[in-house]
Amino acid sequence: MANTSSAKKATRKIAARTEVNKTRRSRMRSFVRKFEEAVASGDKTAAAEAFKAVEPEIMRAATKGIVHKNTASRKVSRLAARLKSISA
């Protein structure tokens, strides 16, 4: 347990940031799930719309430090490949 006042404050800050990060991570995953559902339905236009929504959300998570930049790029790339495979 924290003893100094600065350590106690750091604990409070960490808890607050954890809540914000959980919300952002959940939001990103929700957008990804909507894209996955659109792909599963086979509707190319719905999947394209979902991709337009999910791509900036993933990159925003990268800028906020929720996921690493390379991880975000990899996720977007894989989602784009799945979108492309629908038409084939």
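Residues numbered from 1 in each chain as written. Predicted model: local features only at pLDDT ≥ 70, side-chain atom pairs only at ≥ 80, totals over all residues. Heavy atoms only, no water.

**Brief notes about the nonpolar core**
Then comes step 1: Residues Phe35, Ala47, Phe51, Val54, Ile58, Val67 and Leu79 are the most contacted members of the largest nonpolar core, which totals 18 residues.
Then comes step 2: Secondary structure elements with two or more residues in this core: α1 (5–41), α2 (44–63) and α3 (69–87).
Then comes step 3: No other element matches the 7 residues that α2 contributes to this core.
Then comes step 4: Every residue in contact with Phe35, bar those within four places of it in the chain, is listed here: Ala47, Ala50, Phe51, Val54, Leu79, Arg82 and Leu83. (Core = buried A, V, L, I, M, F, W, Y, C linked by side-chain atoms within 4.5 Å. Buried < 20%, exposed > 50% of the residue type's maximum accessible area, 1.4 Å probe, protein only. Helix = DSSP H or I, 4+ residues; strand = E, 2+ residues; numbered from the N terminus. Contact = heavy atoms within 4.5 Å.)

**Some thoughts on the pattern of salt bridges**
Then comes step 1: For the coordinates displayed, the defined rule picks out 4 salt bridges.
Then comes step 2: Measuring nitrogen to oxygen at the nearest pair gives 4.0 Å for the salt bridge that ties Lys22 to Glu19. Taken together, the residues span about one helical turn, with Lys22 and Glu19 both in helix α1 at a distance of 3 residues.
Then comes step 3: A relative accessible area of 47% means that Lys22 is categorised as partly exposed.
Then comes step 4: Glu19 sits in the partly exposed class, given a relative accessible area of 47%.
Then comes step 5: Put simply, Arg60 and Glu57 hold a salt bridge, and the shortest N to O gap is 2.9 Å. (Salt bridge = Lys/Arg side-chain N within 4 Å of Asp/Glu carboxyl O.)

**Thoughts on the packing of aromatic side chains**
Then comes step 1: Inspection of every chain in the model, using the stated rule, returns 1 aromatic pair.
Then comes step 2: On the numbers, 6.0 Å between centres and 55 degrees between planes, the contact of Phe35 with Phe51 is tilted. Of this pair, Phe35 sits in helix α1 while Phe51 sits in helix α2, placing them 16 residues apart in sequence.
Then comes step 3: In this structure Phe35 comes out as buried when scored by relative accessible area, which is 0%.
Then comes step 4: Over the ring of Phe31 we find Lys34, and its NZ or CZ is 5.2 Å from the ring centre. (Phe/Tyr/Trp six-rings, centres within 6.5 Å; stacked < 30°, edge-to-face > 60°. Lys NZ or Arg CZ within 6 Å of the ring centre and 35° of its normal.)

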